[in-house]
Amino acid sequence: MTSCRVRETHVVVLGFIVLMCICFSSIFYLPKNEETILGLELHAGRPGARHVNVARDQKALFEKIEKANIPPPPLPETVKESEIIDIGTSTPEGKRNKIKEMMKFAWDGYRQYAWGSNELKPISKVGHSASVFGRGDLGATIIDALDTLWIMGLKKEFEEGRKWVEMSLDLKNNARGDLSVFETNIRFVGGLLSAYALTKDSMFLRKAEEIANLLLPAFDTTTGIPFSLINLQTGRASNYGWASGGCSILSEFGSLQLEFDYLSNLTGNPVYSQKIDKINSVVAQLEKPEGLVPMYLNPHTGKWGSRDFSMGAMADSYYEYLLKTWLIEGKKNKNYKQWYDDVIKAMENKMLYRSKRDKLQYFANLKGSRVEHKMEHLACFSAGMFALQAKNEASPSARKHYMTLAEEIGRTCHESYARSMKREINNPFAEIGLGPEAFQFLNENEEAMTSRDKYYILRPEVLEGWFYLWRMTKDQKYRDWAWDMAEALEKHARVGAGFSGIRDVYASSPDHDDVQQSFLLAETFKYLYLIFDDDSIKLDEWVFNTEAHPFPIRK
């Protein structure tokens, strides 16, 4: 009996030893990267409760391994960023691949940490929403990114976005508070129409029409000039109180033509084009002070507000859409080109200056009769606009004049970037190489002066100008400048889960604002990619809306 018990004891002990050996051996078969253990299903949306519990258990196991002083398996070999640059970025194809990687990194961070939110806070790794989207989660980044993903050949990511649009995009029920009519149009309607144009997937067209219909109550004013804001749940529309006594804003009501006319063209429903025709009728009949178009218009009285004029904020895309509407309709509607020519000539006469120090050309702002010698980053889009105009002018002298102007503005805007690398500015150690929100020309000073102006929020307008200038001239410097910008973004704006704005481009090290704007994926990465790809989105076949969503030219 005693010997049996001893044998049983030996068997139990032996079994326990074998079990421990198996457990110990299994450690070495764990995934080789802690991120693999903890990362869950990166491409499967926000993880559910079951996945969270698995992650918690796996994390606890990993911590136990560390406390037991058992070394984890070695991390897998990965390609370092410097090696990516060394491998292939000396060629246009290599640069495209790097920009595609940057786009995918931004998308993956958004997908993992903010899926369905409007934007991403890439340091905090949570969702973010600017006031233009109201208070609801509307997936603005998804809509803005769709055509860029398609153009870059990121089809898996595109299909992720498409599925979300089909199953979850519902502004009527998900929007909260007041939305910007302008931003909803250029990002949502424009992004969906562009996705339709590229894929011919009718689901995108249906969704675009649904959203455009939600915006229509904003046009129910005495004049037909739409309000700036709308509550999609109540249908109530209004204007910003700060906008010259409640006026509508030129760049907003003047930047609806491309999307609304294209929607009528696709659906056969004339209501969208009719809204645009009414706006054009009102603006065409108004007197233009010295040929200029003020930034504010009262939608009730049909009279101009304060006499403020700009090539930048609150006016910019009005001029852009006059030219591009003429182009997208096959140059058939001469009114748009005439309106464009008239206002541009007036702006050249009244607002175009050359700096004292370095003879840089720029468009100043006018506040009544006061000249504000300041050019905004937003106004740098005009380099591209003038290059596009030059390409389509019939007169050789007009082509030469506007191409020269485009190149001059492109050079000025490049200087705003280059000078955040220069040693002679206030901080001798500045090296960020990205441009400020605005830069002033005051005697010998030619840089941003205020903390607000020193900001860079991942804007595309300077790059947009270089894109058009490259396509028109094939001057290598525009590609070089674009690549300098790509490297600056990679070095200074790339953070934990995406890309962040920078509060002071003259600082020795970046102070990030922790916001990845949706237009980074819609515009900045798209223009960066296309400047190194001459075969995609040819400018005699496509026109970009002001959020860089391409629509086909109607011959």
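Computed from a predicted structure; not experimentally measured.

1. Describing the nonpolar core
Side chains of nonpolar character tend, in soluble globular proteins, to be buried together. Counting residues in each nonpolar core, the largest one holds 165 residues, and the members touching the most others are V165, M311, Y319, I344, F386, L434 and F525. It is helix α9 (residues 181–199) that contributes the most residues to this core, 11 residues altogether. Beyond its immediate sequence surroundings of up to four residues, V165 is in contact with I142, I143, L146, L192, M203, F204 and K207.

2. Topic: a negative patch on the surface
Together, E407, D475, D480, D484 and E487 make up a negatively charged patch on the protein surface. The greatest single-element share of the negative patch, amounting to three residues, is contributed by helix α19 (residues 476–493). With respect to the helices and strands, the residue D480 is situated in helix α19. Under the relative-accessibility criterion, D480 is labelled partly exposed at 38%.

3. Things to note about helix α6 (residues 140–152)
Over its 13 residues, α6 runs 19 Å from end to end, which matches the ideal 18 Å to within 8%, given 1.5 Å per residue. When the local axis directions of α6 are compared, the greatest deviation, roughly 40°, occurs at L146. Within the sequence span of α6, burial applies to A140, T141, I142, I143, D144, A145, L146, D147, T148, L149, I151 and M152. Immediately beyond the C-terminal end of α6, within one or two residues, lies G153, with a positive phi of roughly 80°.

4. A few points about the sheet that holds strand β5 (residues 237–238)
Spatially, the three strands line up as an open sheet ordered β3-β4-β5, and their pairing is antiparallel. Each edge of the open sheet carries a strand with a single partner, namely β3 (178–180) and β5. Contacting β3 and β4 (229–231), α9 crosses the sheet at an angle of about 60° to β3.

5. What to know about empty space enclosed by the protein
Regions of empty space are outlined by a rolling probe, equal in size to a water molecule, passed over the atoms. Within the structure shown, the criterion is met by two cavities of 30 Å³ or more. Along the walls of the largest cavity sit V181, F182, P226, F227, S228, S248, I249, E252, F253 and L256, which together make up its complete lining. Those elements giving two or more residues to the lining of the largest cavity turn out to be α9, β6 (248–249) and α11 (250–253). Taken together, the residues of the lining of the largest cavity break down into seven nonpolar, two polar and one charged. The space that makes up the second largest cavity amounts to roughly 40 Å³. Taken together, L360, T412, E415, S416, R419, F439, F441 and E446 form the lining of the second largest cavity. Breaking the lining of the second largest cavity down by element, the ones donating at least two residues are α17 (396–418) and β14 (438–442). The element contributing the most residues to the lining of the second largest cavity is α17, with three residues. Considered class by class, the residues forming the lining of the second largest cavity number three nonpolar, two polar and three charged.

6. What to know about the sheet that holds strand β12 (residues 370–372)
Pairing within the open sheet is antiparallel, and its three strands lie in the order β8-β11-β12. Either end of the sheet is taken by a strand with one partner, and the two such strands are β8 (308–309) and β12.

7. A short note on the packing of aromatic side chains
Tallied over the entire structure, the rule returns 28 aromatic pairs. Relative to Y527, the ring of F467 has its centre 5.4 Å away and its plane inclined at 40°; by these criteria the two rings are tilted. Remark: Y527 occurs in helix α20 (residues 518–530) and F467 occurs in helix α18 (residues 461–473); sequence separation between them is 60 residues. Given the relative accessible area of 1%, Y527 is considered buried. Through a chain of ring-to-ring contacts, three or more aromatic side chains come together here, namely Y417, Y456, W466, Y478 and W481. Against the face of W150 rests K155, its NZ or CZ located 4.4 Å from the ring centre. We note R494 situated over the ring of F105; from NZ or CZ to the ring centre the distance is 3.8 Å.

8. Regarding the pairing of β14
Buried residues dominate β14, accounting for four of its five residues. Here strand β13 (residues 374–376) runs beside β14; their pairing, made up of three bridges, is antiparallel. Looking across to β14, one finds that E376 is bridged to A438. Pairing of β14 with strand β15 (residues 445–447), which is carried by three bridges, proceeds in the antiparallel orientation. Counterpart to F441 in the pairing with β15 is E446.

9. Considerations on the pattern of salt bridges
Using the criterion set out here, one finds 30 salt bridges in the structure. Put simply, R187 and E119 hold a salt bridge, and the shortest N to O gap is 3.9 Å. One end of the pair, R187, is in helix α9; the other, E119, is in strand β1 (residues 119–121), and 68 residues separate them in sequence.

10. Structural notes on the side chain of S194
Looking at where S194 falls in the secondary structure, it is placed in helix α9. Residues within four places of S194 in sequence aside, it is in contact with D147, H549, P550 and F551.

11. A closer look at unusual backbone geometry
You will see that M314, though not glycine, has its phi angle at about 75°, which is positive. Assignment of secondary structure puts M314 in the loop between β8 and α14 (316–328). In this model, L458 sits at a positive phi of 70°, which is unusual for a non-glycine residue. According to the relative accessible area criterion, L458 is buried, its value standing at 0%.

12. What about the UniProt feature "binding site: Ca(2+)" (unreviewed entry) in the protein?
According to UniProt, the "binding site: Ca(2+)" (unreviewed entry) feature falls on T546. Mapping T546 onto the fold places it in the loop between β18 (542–544) and β19 (550–552). Residue classification places T546 among the buried residues on the basis of a relative accessible area of 18%. In this structure, T546 is in contact with F182, I186, S317, E320, Y321 and E523, ignoring residues within four places of it in sequence. A polar contact is formed between the side chain of T546 and the side chain of E320, at a distance of 2.9 Å.

Conventions and cut-offs
Chains are numbered independently. Their residues run from 1 in the order of the written sequence. In keeping with the model being predicted, local features are shown solely for residues with a pLDDT of at least 70 and side-chain atom pairs are shown and tallied solely at 80 or more, while totals for entire chains, interfaces and linings include all residues. Only heavy atoms go into the side-chain values, all of them from the structure, while hydrogens and water stay out. Only buried residues count toward a nonpolar core. Its members are Ala, Val, Leu, Ile, Met, Phe, Trp, Tyr and Cys residues joined through side-chain atoms within 4.5 Å. Burial classes follow relative accessibility: with a 1.4 Å probe on protein chains only, a residue under 20% of its type's maximum area counts as buried, one over 50% as exposed, and anything between as partly exposed. Helix and strand assignments follow DSSP, with helices taken as H or I runs no shorter than four residues and strands as E runs no shorter than two, numbered in order from the N terminus. Two residues form a contact once any of their heavy atoms are found within 4.5 Å. Nonpolar side chains (Val, Leu, Ile, Met, Phe, Trp, Tyr) within 5 Å and like charges within 9 Å form the patches, drawn only from residues with over 30% relative accessible area and no salt bridge. Only the protein chains shown count as cover for residues, and the accessible areas themselves come from Shrake-Rupley with a 1.4 Å probe. Think of a salt bridge as a Lys or Arg side-chain nitrogen and an Asp or Glu carboxyl oxygen that are within 4 Å of each other. In this count, Lys and Arg are taken as positive residues and Asp and Glu as negative ones, while His and the chain termini are left out. Charged side chains are reduced to one point each, which is NZ for Lys, CZ for Arg, CG for Asp and CD for Glu. Expected helix span is taken as 1.5 Å per residue step, with the number of steps being one fewer than the number of residues. Note that bend, as reported per residue, equals the angle between axes fitted to the 7 residues terminating at that residue and the 7 residues originating from it. The criterion for strand pairing is that DSSP finds at least two bridges linking the strands in question. Think of each axis as a best-fit line through the C-alpha atoms, taken over the contacting stretch in the case of a helix, with angles from 0 to 180 degrees between the N-to-C directions. Of the grid points, spaced at 1 Å and generated over the protein atoms alone, those admitting a 1.4 Å probe that cannot get out make up cavities, while open sets with protein on both sides within 12 Å along at least five of seven lines make up pockets; any residue with an atom within 4 Å of a point is treated as lining. Grid points are joined across faces, edges and corners, and a volume is the space filled by probe spheres set on the points. Residue polarity is assigned by list, with Asp, Glu, Lys and Arg as charged and Ala, Val, Leu, Ile, Met, Phe, Trp, Tyr, Cys and Pro as nonpolar; anything else, Gly included, falls into the polar class. Each pair of aromatic rings taken from Phe, Tyr and Trp, with Trp reduced to its six-membered ring, is defined by centres within 6.5 Å and is described as stacked if the planes are under 30 degrees apart, edge-to-face if over 60, and tilted in the remaining cases. In this analysis the charged atom, NZ for Lys or CZ for Arg, is taken to sit over a ring once it is within 6 Å of the ring centre and within 35 degrees of the ring normal. UniProt positions are given in the numbering used here, feature names are shortened, and annotations may be inferred rather than shown by experiment. As used in this structure description, the phrase polar contact means that two N or O atoms lie within 3.5 Å; if the pair is within protein, one of them must be able to donate a hydrogen and the other to accept it, and residues adjacent in sequence are counted only when both atoms belong to side chains.

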